[in-house]
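Structure at a glance
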Amino acid sequence: SDHPADFGVGLEGGIEIIKNDAGGDDLWCMAFMCIIGTTSELCTSCKHPQSTFEFVQPLQGNQDHNKEIVGIAKTAAFPLPIEISRLVMEEKQELGHADDQVFNRVNGKQGDGTVGMLTKSLVSRAEYYTHALYLALIPFVWPEHYV
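All of the points below concern the structure found in this document. Just so we're clear, the structure is a prediction, and the values are computed from it rather than from any experiment.

1. Remarks on the overall build of the protein chain
When you go through the protein chain residue by residue, the secondary structure sums to 5 helices and 4 strands. Listing each helix as α and each strand as β along the protein chain from the N terminus yields β-β-β-β-α-α-α-α-α. A globule of 147 residues ought to have a C-alpha radius of gyration of about 15 Å, yet the protein chain, at 20 Å, is considerably larger. Overall, the protein chain is about 60 × 40 × 25 Å in size when its C-alpha atoms are taken along their principal axes. When the 147 residues of the protein chain are sorted by exposure, 29% land in the buried category. For the protein chain, the proportion of contacts with a sequence separation of at least 24, taken over those separated by at least 6, is 62%. Carbon and sulfur atoms provide 56% of the accessible area of the protein chain, an area that totals close to 9600 Å². Separation between the mean location of the 10 positive side-chain charges and that of the 20 negative ones in the protein chain comes to 5 Å.

Structure follows, in structure tokens:
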């Protein structure tokens, strides 16, 4: 395409190893969201009404005046069940496979994910990522504070 992308959005689920009170390791589920854009008019169109950021029209032929903006956020985290943790740590299984084995299902990560199964779908996989997406947009809402 002749027109470059306005935003790049990425998400990655993962596991954190947290030391517990007994000196052992607990596995916590979490994910990161990253949004990359610029100070262009389109990328900053979601700015807060009280934002003082002013988009400056580029000079003819100069499209490189925009600065990069990067927003990164993390989801809430929660401890994984003991058996899932064991399968991941000791048998080196991916979280999705360990989840499928413990809950006797197939490809749960393509559905409600571990968070959905553990919360009886009170928190869907999509909802789990939504707040992190909103938080990763903060630098685009208040660009003057991030560039």
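2. Some words on the state of the cysteines
As enumerated under the stated definition, the model contains 0 disulfides in all. Take Cys-29: it sits in no disulfide, and the sulfur closest to it among the cysteines is that of Cys-34, at 19 Å. For Cys-29, a relative accessible area of 7% puts it in the buried group. No disulfide involves Cys-34; its sulfur sits 13 Å from the nearest other cysteine sulfur, which is in Cys-43. On the accessibility criterion, Cys-34 (24% relative accessible area) is partly exposed.

Parameters at a glance
Residues numbered from 1 in each chain as written. Predicted model: local features only at pLDDT ≥ 70, side-chain atom pairs only at ≥ 80, totals over all residues. Heavy atoms only, no water. Helix = DSSP H or I, 4+ residues; strand = E, 2+ residues; numbered from the N terminus. Rg over C-alpha atoms; globule rule 2.2 N^0.38 Å. Buried < 20%, exposed > 50% of the residue type's maximum accessible area, 1.4 Å probe, protein only. Contact = heavy atoms within 4.5 Å. Areas by Shrake-Rupley, 256 points an atom, 1.4 Å probe, with all protein chains shown as cover. Lys, Arg positive; Asp, Glu negative; His and termini not counted. Charge placed at Lys NZ, Arg CZ, Asp CG, Glu CD. Disulfide = S-S within 2.5 Å.

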